[in-house]
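Now for the letters of each chain:
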Amino acid sequence: MASLMFVSDHEIRRELRLTEEQSQRVAELADRFQTGMRDNFEATIASGGFPPDPEQFQQLQERNAALSRKLSADLDRVLTEPQRDQLAQLERERPAPFP
């Protein structure tokens with residue numbers, strides 16, 4: 001999900017020259033990611049307390065990985081091919097900007 005974290009950064013969005021619509025869609029994806037991660041964590045805690053046992057932790061990781069794959073695919077549909085290429089280049093060159 002590094003790509004979504006990267007493109008959530010204002011400076012990265014400016015460099016990619018995202019349209020207003022693309023910026024709004026990226027913000028929606030970032031919100032869905034944060035909400036999904038929180039919901040997955042809360043469901044894990046509700047099912048067995050804190051800290052989760054190894055099996056619950058594995059299930060949490062699997063749910064979060066599935067969420068990441070889904071939202072990464074959604075992000076790919078938001079960006080143009082040149083923007084995806086430029087984002088990949090920026091990810092190789094810079095550390096992730098975590099807000």
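Every chain's residues receive numbers from 1 upward, in the order its sequence appears when written. Reporting in this predicted model follows two pLDDT cut-offs: at least 70 for local features of residues, and 80 or more for side-chain atom pairs to be given and counted; totals over whole chains, interfaces and linings ignore these cut-offs and use all residues. Side-chain descriptors were evaluated using all non-hydrogen atoms of the structure, hydrogens and water having been removed beforehand.

Observations concerning the overall build of the protein chain
Per the secondary structure count, the protein chain includes five helices and zero strands. Shown N-terminal to C-terminal, the secondary structure of the protein chain runs as helices and strands in the order α-α-α-α-α. In terms of overall dimensions, the protein chain has C-alpha extents of about 45 × 25 × 20 Å along its principal axes. Counted over contacts in the protein chain with a minimum sequence separation of 6, partners at least 24 positions apart contribute 70%. Looking at the protein chain as shown, the accessible area adds up to about 6400 Å², and 52% of this sits on carbon and sulfur atoms. Helix and strand assignments follow DSSP, with helices taken as H or I runs no shorter than four residues and strands as E runs no shorter than two, numbered in order from the N terminus. Residue contacts are defined here by distance: any two heavy atoms, one from each residue, within 4.5 Å place the two residues in contact. Note on areas: these come from Shrake-Rupley sampling with a 1.4 Å probe, and a residue is covered only by the protein chains present in the view.

A word on the confidence of the model for the protein chain
pLDDT: the predictor's confidence for each residue, scored from 0 to 100. Of all residues in the protein chain, 94% have pLDDT values of 70 or greater, and the mean over the chain is 88. Confidence, read as mean pLDDT per element, is least for helix 1 (residues 2-8) in the protein chain (80) and greatest for helix 5 (residues 81-93) (92).

Remarks on the environment of Ala27
Structurally, Ala27 is set in helix 3 (residues 20-48). The spatial distance from the C-alpha of Ala27 to the C-alpha of Phe50 is 30 Å, given a sequence separation of 23 residues.

Concerning the environment of Ser72
By the secondary structure assignment, Ser72 is in helix 4 (residues 54-78). Here's how the labels work: a residue is buried when its accessible area is under 20% of the maximum for its type, exposed when over 50%, partly exposed in between, all with a 1.4 Å probe on protein chains only. A residue is classified by how much of its surface remains accessible, and Ser72, at 27% relative accessible area, is partly exposed.

What about helix 5?
Along its 13 residues, helix 5 runs 19 Å from first to last C-alpha, staying within 8% of the 18 Å computed at 1.5 Å per residue. For helix 5, the complete set of buried residues consists of Gln83, Leu87 and Leu90. Take helix 5 and look down its axis: the buried residues cluster within an arc of 60°, on one side only. Seen from the open side of helix 5, the exposed residues pointing more than 90 degrees away from its buried face are Glu81, Pro82, Arg92 and Glu93. Helix span, as expected, comes to 1.5 Å for every residue beyond the first. Throughout, the arc means the angular range of directions from the helix axis out to the C-beta atoms.

Quick word on the pattern of salt bridges
By definition here, a salt bridge exists when the distance from a side-chain nitrogen of Lys or Arg to a carboxyl oxygen of Asp or Glu is within 4 Å. Inspection of every chain in the model, using the stated rule, returns five salt bridges. Notably, a salt bridge pairs Arg14 with Glu11, separated by 2.4 Å at the nearest N-O pair. Taken together, the residues Arg14 and Glu11, both in helix 2 (residues 10-16) and three residues apart, mark about one turn of the helix. The closest approach of N and O atoms between Arg32 and Asp74, which form a salt bridge, is 2.9 Å. Note that Arg32 is positioned in helix 3 and Asp74 in helix 4, a separation of 42 residues in sequence. Salt bridges sharing common partners tie together Arg32, Lys70, Asp74 and Arg77.

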